[in-house]
Amino acid sequence: MTWIKTPKDWELPNQEITPEDIYLRRREFLSTTLKFSAAALMSMQPFPSPLQAAEINPPEKVEYTPESIASRFNNFYEFGVEKDQLWKSARKLQTENWTIEVGGLVKKPKTLEVDSLIHRFPEEERVYRLRCVEAWSVVIPWLGFPLRLLIDQLEPLPSARYVKFTTFLLPNIALPQKNRFWEPWPYTEGLTLEEARHDLTFMATGIYGHPLPGQHGAPIRLVVPWKYGFKSIKSIVGIDFTDKMPETFYTSLSPLEYDFSANVNPAIPYARWHQAFERIPGKEETEETLLYNGYAEQVASMYP
Ligand code: MTE
């Protein structure tokens, strides 16, 4: 079922969608790989640095991004750090009969079957900017439903303040997960309950008009467009309501580099590079990064 809706104030014009083939070639302009040990994290560099690039090429308007790039250049560390190879290894993920365990401060803990969840709410398309902490950005059309609709049905208790999300733990197919000494697998993320209930916060089950492929976080992932991309956790198997701010994969891995809120903010540099500009896949020019990734009008009131 597709829900035909009237445009909202945050909607991007269609020409700003990153064409899939451009999105796929992200590796051509960004050679950053993320390693999980502290030592490897210290060596992480964007290429070229956003600041250097901005000096060479002044920021320009974001352009339409094609799909062929989006599906061949991903961040999904469960399947390694080779951005252009992940799509192959992510195919090993069996997504049939996928379930999500709901627990914590909720009226009734339960197991959600994603196949039926997908049909529980009207399907929406959301065209969002995605800004990675590695200083690149794309514009992607997602399919899915607002997380708020699900939360309302799950009935968190009045004491619930946060929502924690968990990705699968399958070290036999997600080989980097064998390294549990250095890396706090499984990947986890979190939002305040207010953020989770925000109209922009989206549970994606599809992309570019079809179901999510493995590398994009099949069968269901979060998309939080005003936060750095690492908050948009993929292949979710757990949703827990808590009264305390949950530790996440990144905050426990490197607390000085990553904070829980991770709102896109050009004025706050990442530990090892500026965040004032972003590279656009397939383009030489950079763009200025916008506060809350351009969604300030919708979300700024949550952060007085
Ligand atoms: N979710 C999980 N489970 N594992 C990951 O490594 N990477 C994050 C996010 N979600 C990641 C994840 C990062 S850093 C980014 S930028 C986005 O996914 C990238 O999403 P995409 O590959 O669909 O563009």
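So, how was this worked out
Residues numbered from 1 in each chain as written. Predicted model: local features only at pLDDT ≥ 70, side-chain atom pairs only at ≥ 80, totals over all residues. Heavy atoms only, no water. pLDDT = per-residue confidence, 0-100. Contact = heavy atoms within 4.5 Å. Helix = DSSP H or I, 4+ residues; strand = E, 2+ residues; numbered from the N terminus. Pairing = 2+ DSSP bridges. Axes fitted to C-alpha atoms, helices over the stretch in contact; angles between N-to-C directions. Buried < 20%, exposed > 50% of the residue type's maximum accessible area, 1.4 Å probe, protein only.

J.: How should I be thinking about the confidence of the model for the protein chain in this particular structure?
T.: In regions of low pLDDT, the predicted coordinates are not meant to be interpreted in detail. A residue-level look at the protein chain finds 81% of positions with pLDDT of 70 or above and a mean pLDDT of 85. Below a pLDDT of 50 lies the segment residues 1-5, which in the model reaches nine contacts outside its immediate sequence neighbourhood of four places, other chains included. Segment residues 24-61: pLDDT under 50, and 103 contacts once partners within four positions in sequence are set aside and those in other chains are kept.

J.: Honestly, the environment of R161 in this entry has me stumped. Any pointers?
T.: Locating R161 in the fold gives a position in the loop between α8 (147-154) and β5 (162-167). Note: C-alpha distance between R161 and K244 (83 residues apart in sequence) is 6.9 Å. Leave out the neighbours within four places in its chain, and R161 touches T192, L193, T242 and D243.

J.: Quick question: what am I supposed to make of the sheet that holds strand β2 (residues 110-113) here?
T.: Note: strands within a sheet are paired through backbone hydrogen bonds, in either parallel or antiparallel orientation. Judged by pairing direction, the sheet is mixed, and its five strands sit side by side in the order β2-β1-β10-β5-β6 without closing on themselves. In this open sheet, the two edge strands, each paired with only one partner strand, are β2 and β6 (188-192). Geometrically, the sheet is characterised by an average inter-axis angle of 20° between neighbouring strands, direction not taken into account. Taken together, the six bridges between β5 and strand β10 (residues 236-242) define a ladder with antiparallel strand orientation. Pairing of K164 across the sheet is with D240, part of β10. Packed on one face of the sheet, α8 meets β1 (99-104), β2, β5 and β10 and runs near 145° to β2.

J.: Please explain unusual backbone geometry as it appears in this structure.
T.: A negative phi holds for most residues other than glycine; trans holds for most peptide bonds. Across the junction of W185 and P186, the peptide omega takes the value 0°, indicating a cis bond. The residue after A218, namely P219, is reached through a cis peptide bond having omega -5°. Summarising the element assignment, P219 is placed in the loop between β8 (210-211) and β9 (221-223). Despite not being glycine, N97 shows a phi value in the positive range, around 50°. Counting through the fold element by element, N97 comes out in the loop between α6 (86-89) and β1. Judged by relative accessible area, N97 falls into the exposed class, the value being 65%. Its identity is not glycine, yet A262 carries a phi of approximately 50°, on the positive side. One can find A262 in the loop between α10 (249-253) and β11 (277-279).

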